[in-house]
Structures are given as C-alpha cells and as structure tokens.
Amino acid sequence: MTLTTQADIVAAEGGSGFHGPSLADFFPAPILFEGTVFEFNRITLVRLIATAVLVLLFWLAARSPKLVPSRGQSLGEMAIDFVRTNIAEESLGKELGRRYAPLLIVIFFGVFAMNITGVIPFLNIAGSSVIGLPLIFAVIAYVAFIGAGIKAHHGGGHFLKSQLFPPGVPWPVYILLTPIEFFSTFILRPLTLTVRLMANMLAGHLLLVLCFAATSFFFFEVASGLSVVGVVTLAAGFAFTILEIFIAFLQAYIFALLTAVYIQLSVESH
C-alpha cells in the first residue's frame, strides 16, 4: 500500500524520467487561505488527521471504564502505564513522576502520532517533518522544566542561581562556567529537541520517497533489463518503512525522556 501511494505521488508530478525527493515535498501548495496566517496545506491536514485519530482512540478506550477492563481499555491503560512507569517514574521518581506523567504522556503520544503519519498510506509525510510542530513541543518542554525548577527552588532567582552558579566551584571558574551553563540550559536544550525530531523525520521521508520513486522509475520507465534494480529499491523501501516505524517510536520516546530528564535537572540542585 505504501509503494502504491508513493508511486502515485511520483506519477502525479507528470513527465518522464526520474523524479527524486526534494525540500518542495515539505512546502506543498496551499489548499485553503493562501497567503494568510491561516494558510492550510497538506501537512496541516495530516496533523489534524493524526490529532483526531489519537483523540478518538483514547476516547474509545476511556469512554466506559470498567473494573474488568475491555480489550480497548486494557490497551489504553497499557499505553499510558508504559509512559508513566518507564519514562516519568523512572526518571523523576514516584512522587514527581506521577505529577508530570500527564504532560509526558501527551508529549509522547503527540510526537508519535505526528511521526507515524510518515508511513501511513495516503498521508505519507510526518507532521513533525516541518520545524513548526517540533518547535511547539520543544517550547512546551522548555516551559515545563523551567516552571518545575522555579517551583522547586521557590522563585526564579534561586532557580537561576542553582543552574548558573553550581556550588563548590571556585569563583573565577564562574567566568567560564556560567555562560556555558546558560547556553546549555536555556538555548541548547530546546534547540536540540527541535532539530533532532525534525531532522530524523525529514530524512526518513526523503529516504522513503527516494526508494519508491526509484522503484517506479525502474519498473515502468526504463528497459526491462533494469527491473532487477527496481526489485532492490523496492526491498530497500520496505526495509526503510520498518525502520521509520521504529524511529517514529524512538523519537517520541527520546523526546519525552529528555523532557523528564530536563525537569529532573531543574528541580535538583547541582
């Protein structure tokens, strides 16, 4: 199904010859409201579909909770318990983990839902492959760990002091250490969260389109003797599809885990 959809995308471009992927894939033509701040394109549509499906699945799992859970309720509880146990409580401890579990659950499943659309037939692009959405998730994580630090240290001043002036360091060292700590904590953390997620999903899309576009080219547009090359690119496309499913999960896990780690670093003194 993925091959068919990717081949259709290539065919829709028209003309003969090989059409490789490009950055134009990530800036599709507007569907509605062109030239306004409300511009609506294919990637926005993919994001809305992913959000609607995610909300629907959890609503179906939680709409009628029972003491003896149904299959859907069990799956929902297992999914939530995975994040709560393996990310929140593992990184933050029982008490703090339970407090921030709802945020980490939303981040994990939100990022995963936007990532997995890259391999869903007829969607075929990750909602997180354009920088806007990864940046929003990074800002949420940024606000969360700064807010947690301010609350834990009873004020912004004490929080900044704990982050920028670690105790037990000779004061001349602060001349070098404090700018490094500031850059690492307040600039590098949200930046790396954003770029890591976007770059992985962007690269995955380019690889998939490259493999399936090459498959279509070798099967339908060149001499039959080169069809064997199309078999190779087809196999590579399916292999990369499986890898992309794993990466979609892994990036969601890493994003939620790093958010938990940053919260832990904010609430603890050096």
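Below is a short write-up of the structure. All residue numbers here refer to positions counted from 1 along the written sequence of the relevant chain. Confidence filtering applies because this is a predicted model: local features only for residues at pLDDT of at least 70, side-chain atom pairs given and counted only at 80 or more, and all residues used for totals across whole chains, interfaces and linings. Only hydrogens and water are set aside when side-chain values are computed; all heavy atoms of the structure are taken into account.

## What about the packing of helix α4 (residues 132-152) against helix α6 (residues 174-220)?
Item 1. Lines are fitted to the C-alpha atoms to define the axes, a helix being fitted only along its stretch in contact, and any angle between axes, read from their N-to-C directions, falls within 0 to 180 degrees. Each helix is a run of DSSP H or I of at least 4 residues and each strand a run of E of at least 2, with the numbering of both proceeding from the N terminus. Two elements in contact, α4 and α6, have axes whose closest approach is 9 Å; the angle formed by their N-to-C orientations is 145°. α4 and α6 meet at a crossing whose hand is right-handed. Residues Pro134, Leu135, Ala138, Ala141, Tyr142, Phe145 and Ile146 of α4 pack against Thr185, Phe186, Arg189, Pro190, Leu193, Thr194, Leu197 and Met198 of α6.
Item 2. Amino acid classes used here: Ala, Val, Leu, Ile, Met, Phe, Trp, Tyr, Cys and Pro are nonpolar; Asp, Glu, Lys and Arg are charged; the rest, including Gly, are polar. When its residues are assigned to classes, the contact of α4 with α6 shows 12 nonpolar, 2 polar and 1 charged. Note on convention: near helix rotated counterclockwise from far helix by under a right angle means a left-handed crossing. Clockwise means right-handed. Contact definition: two residues touch when any of their heavy atoms are within 4.5 Å.

## With respect to the nonpolar core
Item 1. The definition of a nonpolar core used throughout is a set of buried Ala, Val, Leu, Ile, Met, Phe, Trp, Tyr and Cys residues joined through side-chain atoms within 4.5 Å. Buried means the residue's accessible area, taken with a 1.4 Å probe over protein chains only, is under 20% of the maximum for its type, while exposed means over 50%, and partly exposed covers the values in between. Grouped together as the largest cluster of nonpolar side chains are 40 residues, with contacts concentrated most on Phe255 and Ile263.
Item 2. In terms of residue count, helix α3 (residues 71-116) provides more of this core than any other element does, 15 residues in total.
Item 3. Setting aside residues no more than four positions away along its own chain, isoleucine 263 makes contact with Leu92, Tyr100, Leu103, Ala144, Phe145 and Ala148.

## Considering the pattern of salt bridges
Item 1. Counted as salt bridges are all cases of a side-chain nitrogen of Lys or Arg within 4 Å of a carboxyl oxygen of Asp or Glu. Under the defined criterion, the tally for this structure stands at 5 salt bridges.
Item 2. The salt bridge partner of glutamate 89 is arginine 84, with a shortest N-O separation of 2.8 Å.
Item 3. Arginine 84 gets classed as partly exposed once you look at its relative accessible area, which sits at 22%.
Item 4. Residues arginine 98 and glutamate 89 are paired through a salt bridge, measuring 3.6 Å at the closest nitrogen-oxygen approach.
Item 5. Residues joined by salt bridges that share partners form a network here, namely Asp81, Arg84, Glu89, Lys94 and Arg98.

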